[in-house]
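Chain by chain, the residues:
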Amino acid sequence: GVPMDSEIAVKLIHSGCKIWGEIELAFQFEKGKILAITGTNGKTTTTTLLGKILKDHYDSVFVVGNIGNPYTEEALKTKEGSITVAEISSFQLETIEAFRPDVSAVLNLTPDHLNRHKTMEEYAKTKFQIAKNQTENEVCVLNYEDEYLKKIAKDIPAKIFWFSSEHELKEGIWLDGEKIMYCDG
């Protein structure tokens, strides 16, 4: 949680030191698949729900990150076939380097932590770090209702998968009354 513009961080960066946060350190030891969730609101609920669903169907599932269970406490326990579900905050995303989830999700973006990030643009840029290392073989899940996400989606290297609670989508998942609908085109 140390701000990257703090005096100590700036001195370390200028001296050539790498600064890794807890997420990057744990990722270096991860052996399974990673599903990483960020956004201004709903991260904990989504991470908890996804973790529960996956634990009901897979033997080796870890729920980590900003949710209160440090990723570094679980990373060495992962194995091929494990699934790690990670709630990732903007503060944690500031210091990633190689972190690359198999599936990322940005649930929404509204002004938050501007005392730290200074502007909405900088906050959004930090949140989108979650997908910066993904390739076209990975997926980034985005909220179709969030206009800011629609504008920035073109810059994400991963395959975009939209979800909506208000619009029928030609590709993605949406809510139709009480039914959850899915269309792949």
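Residues numbered from 1 in each chain as written. Predicted model: local features only at pLDDT ≥ 70, side-chain atom pairs only at ≥ 80, totals over all residues. Heavy atoms only, no water.

### Quick word on the pattern of salt bridges
So, point 1. This model, assessed by the stated rule, comprises 7 salt bridges.
So, point 2. The salt bridge involving Lys-11 is made with Glu-7; its shortest N-O contact spans 3.3 Å. Within this pair, Lys-11 and its partner Glu-7 are both found in helix H1 (residues 7-14), separated by 4 residues, close to a single helical turn.
So, point 3. A residue is classified by how much of its surface remains accessible, and Glu-7, at 59% relative accessible area, is exposed.
So, point 4. Notably, a salt bridge pairs Lys-154 with Asp-155, separated by 3.6 Å at the nearest N-O pair. We note that Lys-154, like Asp-155, is exposed. (Salt bridge = Lys/Arg side-chain N within 4 Å of Asp/Glu carboxyl O. Helix = DSSP H or I, 4+ residues; strand = E, 2+ residues; numbered from the N terminus. Buried < 20%, exposed > 50% of the residue type's maximum accessible area, 1.4 Å probe, protein only.)

### Looking at the nonpolar core
So, point 1. By size, the foremost hydrophobic cluster in this structure holds 32 residues, and its most contacted members are Tyr-71, Ile-88, Phe-99, Leu-109, Phe-128, Ile-130 and Leu-142.
So, point 2. Within the second largest apolar cluster, 9 residues are counted, among which are Ile-37, Leu-54, Ile-83 and Val-141. (Core = buried A, V, L, I, M, F, W, Y, C linked by side-chain atoms within 4.5 Å.)

### Brief notes about the packing of aromatic side chains
For any pair of aromatic rings, the description rests on two quantities: the centre-to-centre distance and the angle between the ring planes.
So, point 1. Summed over the entire model, instances satisfying the criterion amount to 3 aromatic pairs.
So, point 2. Seen from their ring centres, Phe-27 and Phe-99 are 5.5 Å apart, and the 80° between their planes marks the pair as edge-to-face. With Phe-27 in helix H2 (residues 22-27) and Phe-99 in the loop between helix H5 (90-93) and strand S4 (103-106), this residue pair connects regions lying 72 residues apart in the sequence.
So, point 3. We classify Phe-27 as buried; its relative accessible area is 18%.
So, point 4. Judged by its relative accessible area of 0%, Phe-99 is buried.
So, point 5. Geometrically, the ring pair formed by Tyr-144 and Trp-162 is edge-to-face, given 5.7 Å between the ring centres and 90° between the ring planes. A residue pair is termed long-range when its members are at least 10 positions apart, and Tyr-144 in the loop between strand S5 (139-143) and helix H8 (147-152) and Trp-162 in strand S6 (residues 159-164) qualify at 18 residues.
So, point 6. A relative accessible area of 27% means that Tyr-144 is categorised as partly exposed.
So, point 7. Looking at Lys-150, its charged tip hangs above the ring of Tyr-144, at a distance of 4.0 Å from the centre. (Phe/Tyr/Trp six-rings, centres within 6.5 Å; stacked < 30°, edge-to-face > 60°. Lys NZ or Arg CZ within 6 Å of the ring centre and 35° of its normal.)

### Section: the sheet that holds strand S2 (residues 61-65)
So, point 1. Strand order in the open sheet made by the 8 strands is S2-S3-S1-S4-S5-S6-S7-S8, with mixed pairing throughout. With partners counted over all chains shown, the strands left at the sheet margins are S2 and strand S8 (179-184), one partner each. Strand-to-strand twist of the sheet, defined as the mean angle between neighbouring strand axes without regard to direction, takes the value 15°.
So, point 2. Sheet analysis places S6 next to strand S7 (residues 171-176), joined by 2 bridges and oriented parallel. Paired with Ser-164 across the strands is Trp-174, a residue of S7.
So, point 3. In the packing of helix H3 (residues 43-55) onto the sheet, the strands contacted are strand S1 (33-38), S2 and strand S3 (83-87), and the crossing angle to S3 comes to about 165°. (Pairing = 2+ DSSP bridges. Axes fitted to C-alpha atoms, helices over the stretch in contact; angles between N-to-C directions. Contact = heavy atoms within 4.5 Å.)

### Topic: a nonpolar patch on the surface
So, point 1. A cluster of nonpolar side chains, Trp-20, Leu-25, Phe-29 and Leu-76, forms an exposed patch at the surface whose accessible area comes to about 410 Å².
So, point 2. Looking at the secondary structure, you find Trp-20 in the loop between H1 and H2. (Patch = residues over 30% accessible without salt bridge, like charges linked within 9 Å, V, L, I, M, F, W, Y side chains within 5 Å. Areas by Shrake-Rupley, 256 points an atom, 1.4 Å probe, with all protein chains shown as cover.)

### Side note on the confidence of the model for the protein chain
So, point 1. For the protein chain, mean pLDDT is 92; residues scoring 70 or higher make up 96% of the total.
So, point 2. The spread of mean pLDDT over the elements of the protein chain runs between helix H6 (residues 114-117), the lowest at 65, and S3, the highest at 98. (pLDDT = per-residue confidence, 0-100.)

### Remarks on the state of the cysteines
Working definition of a disulfide: a covalent bond connecting the sulfur atoms of two cysteines.
So, point 1. In total, this model carries 0 disulfides according to the counting rule given.
So, point 2. Unpaired in this structure, Cys-183 has its nearest cysteine sulfur neighbour in Cys-140, at a distance of 20 Å.
So, point 3. Under the relative-accessibility criterion, Cys-183 is labelled partly exposed at 25%. (Disulfide = S-S within 2.5 Å.)

### Side note on the environment of Lys-118
So, point 1. Tracing the sequence through the fold places Lys-118 in the loop between H6 and helix H7 (120-127).
So, point 2. Note: C-alpha distance between Lys-118 and Lys-33 (85 residues apart in sequence) is 33 Å.

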